[in-house]
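Fold and contact review
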Amino acid sequence: MKKKYMQEDSSVQGSVFLRLLKYAAPYWWQMALCLLFVLGITVLEIIRPKLTGEAIDLFAQSADFSQIADIAVKYGIVLMLLFVFNFLNTWILQLTGQTIIYNIRQELFEHILHLLLHLLFQILDLVMALLMLKLIFFLFYLIHLKALLKLLFFLLLKVLDLLMLQVLIFHLFRMVL
């Protein structure tokens, strides 16, 4: 059970990584430049202890400060190059990362906006369908009301006819009697 969960988790992580690479693809040259800076930093970090070792060896062999000063200048140049490479590497990576995150957020915003508009149009379709249904029921109601009124009018006429007939019969009896 635990292995299955871990396998699913690693496949999800792999797919997320591949999806994020899609956003980083347009910035491949910045990534390559940062990789070169990292390689330069690594080389310079390897050179630093060697220069320190050379300075200690020269001091132990002879107290010639001119050669030690040359090594100190080289060490200072290495430190300055390390600072520049680290600064540029950090700056380019931060700028690239922020741009990638901006693009992801922009795409997410557009996707959510599209979903909201799609949902709004579905709701409007539903409201229109309900309004049409209410209108149809109202028209049926009016038709039935009209038919009911016709029926009531017809019954009223029949009642009036009967009343008129009764009045007529009453008058006839009166005349006869």
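Below is a short write-up of the structure. (Residues numbered from 1 in each chain as written. Predicted model: local features only at pLDDT ≥ 70, side-chain atom pairs only at ≥ 80, totals over all residues. Heavy atoms only, no water.)

Quick look at the overall build of the protein
- From N to C terminus, the protein includes three helices and zero strands.
- Along the protein, from the amino end to the carboxyl end, the secondary structure elements read α-α-α.
- The C-alpha radius of gyration computed for the protein amounts to 47 Å, which surpasses the reference 16 Å derived for 177 residues by more than 25%, pointing to a less compact arrangement than a globule.
- By sequence separation, contacts in the protein at least 24 residues apart represent 77% of the contacts at least 6 residues apart.
- By element, 76% of the accessible surface of the protein is carried by carbon and sulfur atoms, the whole surface being about 15,300 Å².
- Counting 14 positive and 11 negative side-chain charges, the protein places the averaged centre of each group 27 Å from the other. (Helix = DSSP H or I, 4+ residues; strand = E, 2+ residues; numbered from the N terminus. Rg over C-alpha atoms; globule rule 2.2 N^0.38 Å. Contact = heavy atoms within 4.5 Å. Areas by Shrake-Rupley, 256 points an atom, 1.4 Å probe, with all protein chains shown as cover. Lys, Arg positive; Asp, Glu negative; His and termini not counted. Charge placed at Lys NZ, Arg CZ, Asp CG, Glu CD.)

Regarding the pattern of salt bridges
- For the structure on display, the rule yields one salt bridge.
- With a shortest N-O distance of 3.2 Å, E45 and R48 are connected by a salt bridge. Of this pair, E45 and R48 both sit in helix 2 (residues 28–61), three residues apart, which is roughly one turn of the helix.
- Look at E45 and you get partly exposed, because its relative accessible area is 35%. (Salt bridge = Lys/Arg side-chain N within 4 Å of Asp/Glu carboxyl O. Buried < 20%, exposed > 50% of the residue type's maximum accessible area, 1.4 Å probe, protein only.)

Here's the deal with helix 3 (residues 65–176)
- End to end, helix 3 covers 161 Å across 112 residues, agreeing with the expected 166 Å (1.5 Å per residue, within 8%).
- Along helix 3, the positions that sit buried rather than exposed are I68, I71, V78, L82, N89, I92, T96 and I100. (Expected span 1.5 Å × (residues − 1).)

Examining the environment of I143
- Summarising the element assignment, I143 is placed in helix 3.
- With relative accessibility at 53%, the residue I143 sits in the exposed group.
- Sequence-wise, I143 and L108 are 35 residues apart; in three dimensions their C-alpha atoms are separated by 52 Å.

Describing the side chain of T96
- Within the fold, T96 resides in helix 3.
- For T96, the contacting residues outside a window of four places in its chain are Y27, Q30 and M31.

Thoughts on helix 2
- The end-to-end C-alpha distance of helix 2, which contains 34 residues, comes to 50 Å, matching closely the 50 Å that a straight helix rising 1.5 Å per residue would cover.
- All buried positions along helix 2 are accounted for by Q30, C34, F37, G40, I41, L44, L51, A55 and L58.
- Tucked inside the fold, the buried residues of helix 2 contact helix 3.

Section: the packing of aromatic side chains
- Following the criterion strictly, the structure yields three aromatic pairs and no others.
- For the ring pair F37 and F85, a centre distance of 5.4 Å and an interplane angle of 50° mean the geometry is tilted. With F37 in helix 2 and F85 in helix 3, the pair connects residues that are 48 residues apart, well separated along the chain.
- By relative accessible area, F85 is classed as partly exposed at 22%. (Phe/Tyr/Trp six-rings, centres within 6.5 Å; stacked < 30°, edge-to-face > 60°.)

Quick look at the packing of helix 2 against helix 3
- Orientation of helix 2 relative to helix 3, taken along the N-to-C sense of each, is 160°, at an axis distance of 9 Å. When the axes of helix 2 and helix 3 are compared, the pair comes out roughly antiparallel. Relative to helix 3, the crossing made by helix 2 is left-handed.
- For the contact of helix 2 with helix 3, the class distribution of residues is 25 nonpolar, seven polar and four charged. (Axes fitted to C-alpha atoms, helices over the stretch in contact; angles between N-to-C directions. Parallel < 35°, antiparallel > 145°, perpendicular 65-115°, else oblique. Left-handed = near helix turned anticlockwise from the far one by under 90°. Nonpolar A, V, L, I, M, F, W, Y, C, P; charged D, E, K, R; others polar.)

Concerning the nonpolar core
- Counting residues in each nonpolar core, the largest one holds nine residues, listed as I41, L44, L51, A55, L58, I68, I71, V78 and L82.
- Looking at this core, the elements with two or more residues in it are helix 2 and helix 3.
- The biggest single contributor to this core is helix 2, with five residues.
- Among residues more than four places away in sequence, those in contact with V78 are L44, I47, R48 and L51. (Core = buried A, V, L, I, M, F, W, Y, C linked by side-chain atoms within 4.5 Å.)

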